[in-house]
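The residues making up each chain are set out below.
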Amino acid sequence: MRPGDPSLSPEAIAAEEQARVSERVQGIIDDRQARDRVDTGRIHPYFGKLRAKLERQMDEAPLFDMPSLPRQLLYSWADKARQFGATGSPGAAPPTRAPPKPGELLAQRTRNNPEFNRLRGLSQAGDELQSFAHGVSTLKLVVTLELLQGPDGTLREVKLVSRSGNRAYDDYVLQAIPPALAKLPPPPPEALGVHADGIRTLWAVEGRVVYVRKVSEMKGTDTAYLAAAAAVGVLAGGFEETTGEVYVIDVRNPHFECKSRLLRVY
């Protein structure tokens, strides 16, 4: 096209290709190191405080037009059916997951004893009810964000890496980040992941509907519900050791819960 143009020489083309490939390979290396820092726990407590601030800022999120209780139950049933097809049990744990639930242990110990079938069924039903109430097997909204901060922790930019499919939820998360970071003390300059040119991290913010409620928030009008739930065997809950709060399943008052998860520290 342009005889004598040095940019079209084989040497120039090879140099451009080498620079492009080197940049791509370095990006892969940086991304792997950033992931390994999180996976191995080699991160400063500052990022744990940042996660806690983000979740506290989103503590009273709306429901975002999430599906109703019957649709959530149907989704949960389908999810358990997929697990059954893959593992042979609706509550089976993948090899890399935490220790098995009580119902799974009971199923293992009494597999060949038909006298324990009813007890095993009740225990597994309780496990699945807890899983559903805490949003483990319900529909979720997940948005991935990249945070760019200055060395002192001040927010410079928020990049939307992947959307959740719900624009209102995405906007809510994006609006919650600036005030959350504004309340956070600056990190120490020697902390791993804090560089002279700033801080770069990748986060996933997962939102889900949960059906649990603090007993301390219940009033006298809730007595009938608690009695009815206990009568049909669905009154279950949990105890939070750090706060001393007791939780029970309450399908009448669903609320939205947001959890932040750190994916990369560059």
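Refer to the structure above for everything that follows.
On a predicted model such as this, the values are computed, not experimentally measured, just so you know.

In this section: the side chain of Glu146. Position of Glu146 relative to the elements: it lies in strand 1 (residues 140-149). A residue is classified by how much of its surface remains accessible, and Glu146, at 11% relative accessible area, is buried. In terms of polar contacts, Glu146 uses its side chain to reach the side chain of Arg200, at 2.3 Å. Beyond its immediate stretch of four places on either side in the chain, Glu146 contacts Glu157, Val158, Lys159, Val161, Arg200, Thr201 and Leu202.

It is worth spelling out helix 1 (residues 10-39) at this point. Given 3.6 residues per helical turn, the α-helix brings residues three or four places apart onto the same face. Look at helix 1: 43 Å from first C-alpha to last across 30 residues, which is about the 44 Å you get at 1.5 Å a residue. All buried positions along helix 1 are accounted for by Ala34, Arg37 and Val38. Lining the buried residues of helix 1 we find strand 7 (255-265). Within two residues after helix 1, Gly41 carries a phi angle of roughly 75 degrees, on the positive side.

With that settled, consider the sheet that holds strand 2 (residues 155-162). Read across the open sheet, the 4 strands follow the order 2-1-3-7; overall the sheet is antiparallel. In the strand order of this sheet, the two ends are held by strand 2 and strand 7, each with one partner. Mean inter-strand twist for the sheet, computed between neighbouring axes without regard to direction, equals 25 degrees. Summarising the sheet, strand 1 and strand 2 pair through 6 bridges and their orientation is antiparallel. By the bridge assignment, Gln149 is partnered in strand 2 with Leu155.

How each quantity is defined
- Position numbers for residues start from 1 in each chain and track the written sequence from start to end.
- Since the coordinates come from a predicted model, pLDDT governs what is reported: local features require at least 70, and pairs of side-chain atoms require 80 or more to be given and counted, while whole-chain, interface and lining totals use all residues.
- By convention in this description, side-chain values take in all heavy atoms of the structure and omit both hydrogens and water.
- Strands here mean DSSP runs of E at least two residues long; helices mean DSSP runs of H or I at least four residues long; both are numbered from the N terminus.
- Any residue under 20% of the maximum accessible area for its type is buried, any over 50% is exposed, and the rest in between are partly exposed; the area is computed with a 1.4 Å probe on protein chains only.
- Nitrogen and oxygen atoms within 3.5 Å of one another constitute a polar contact, given that in protein one can donate a hydrogen and the other can accept it, and given that sequence-neighbouring residues count only through two side-chain atoms.
- Any two residues whose heavy atoms approach within 4.5 Å at even a single point are treated as in contact.
- Take the number of residues in a helix, subtract one, and multiply by 1.5 Å to get its expected span.
- In this scheme, strands are said to pair when DSSP sees at least two bridges between them.
- Fitting a line to C-alpha atoms yields each axis, with helices limited to the stretch in contact; the angle taken between N-to-C directions then spans 0 to 180 degrees.

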